[in-house]
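# Reading the structure
Residues per chain, in single letters:
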Amino acid sequence: MGRALPDARDGLKPVHRRILYGMHILRLDPGAAFKKCAKIVGDVMGSFHPHGDQAIYDALVRLAQDFPRAIRSSMARAILAISTAMVPLPIATPKRG
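Structural notes, computed from the coordinates. Please read all numbers here as calculations on a predicted model, not as lab measurements.

### Structural notes on the overall build of the chain
Across its full length, the chain carries three helices and zero strands. Walking the chain from its N terminus toward its C terminus, one meets helices and strands in the order α-α-α. Within the chain, the proportion of its 97 residues that are buried is 16%. Excluding contacts between residues fewer than 6 apart, the proportion of contacts in the chain whose partners are at least 24 apart in sequence is 37%. Taken as a whole, the chain presents about 8400 Å² of accessible surface, with 58% of it coming from carbon and sulfur.

This is the structure:
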């Protein structure tokens, strides 16, 4: 079984190219409003990529990461929702008694 290799022209694997094309179809350019990952993944999986959604999510995250040596800039922007409140779960609290 073969693995998808990056293309020598741009360094993108086929799944990355499918994601970027799907984002182009959705008109997601740098000036557009943000969309949820599920919308992008669902459209790409339904139209272009007949594999599972986890592979598309992983590739989308890699497109959004900024690695200076791998590519000059990230091709997608990520907005992270990080909660700063640390609430202990009832399962994790020790029992007293």
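Back to the text.
### Some words on the pattern of salt bridges
Under the defined criterion, the tally for this structure stands at four salt bridges. Where Asp10 meets Arg17, a salt bridge forms, and the shortest distance between an N and an O atom there is 2.9 Å. Asp10 gets classed as partly exposed once you look at its relative accessible area, which sits at 38%. Linked by salt bridges that have partners in common, Asp7, Arg9, Asp10 and Arg17 make up one network.

### Focus: the packing of aromatic side chains
Within this structure, the stated rule accounts for one aromatic pair. Measuring from centroid to centroid gives 5.3 Å for Tyr21 and Phe48, while their planes differ by 70°, and the two rings are edge-to-face. Highlighted residues: Tyr21 in helix α1 (residues 14-25) and Phe48 in the loop between α2 (37-47) and α3 (53-64), separated in sequence by 27 residues. Judged by its relative accessible area of 30%, Phe48 falls in the partly exposed class.

### Thoughts on α2
Listing the buried residues of α2 in full gives Ile40, Val41 and Val44. End-on, the buried residues of α2 take up no more than an arc of 95°, which puts them together on one face. The exposed set on the far side of α2, more than 90 degrees from its buried face, consists of Gly46 and Ser47. Packed against the buried residues of α2 are α1 and α3.

### A word on the environment of Ile25
Within the secondary structure, Ile25 is located in helix α1. Ile25 sits in the partly exposed class, given a relative accessible area of 46%. Residues Ile25 and Asp43, spaced 18 residues apart in sequence, show a C-alpha to C-alpha distance of 9.5 Å.

### A closer look at α1
Helix length check: α1, at twelve residues, gives a terminal C-alpha distance of 16 Å against a target of 16 Å (1.5 Å per residue), a fit within 8%. The set of residues buried in α1 consists of Val15, His16, Ile19, Gly22 and Met23. Buried residues in α1, looked at end-on, bunch into an arc of 125°, giving them a common side. Residues of α1 that are buried in the fold lie against α2 and α3. Downstream of α1 by one or two residues, Arg27 has phi in the positive range, about 60°.

The rules behind these values
- Residues numbered from 1 in each chain as written.
- Predicted model: local features only at pLDDT ≥ 70, side-chain atom pairs only at ≥ 80, totals over all residues.
- Heavy atoms only, no water.
- Helix = DSSP H or I, 4+ residues; strand = E, 2+ residues; numbered from the N terminus.
- Buried < 20%, exposed > 50% of the residue type's maximum accessible area, 1.4 Å probe, protein only.
- Contact = heavy atoms within 4.5 Å.
- Areas by Shrake-Rupley, 256 points an atom, 1.4 Å probe, with all protein chains shown as cover.
- Salt bridge = Lys/Arg side-chain N within 4 Å of Asp/Glu carboxyl O.
- Phe/Tyr/Trp six-rings, centres within 6.5 Å; stacked < 30°, edge-to-face > 60°.
- Arc of directions from axis to C-beta.
- Expected span 1.5 Å × (residues − 1).

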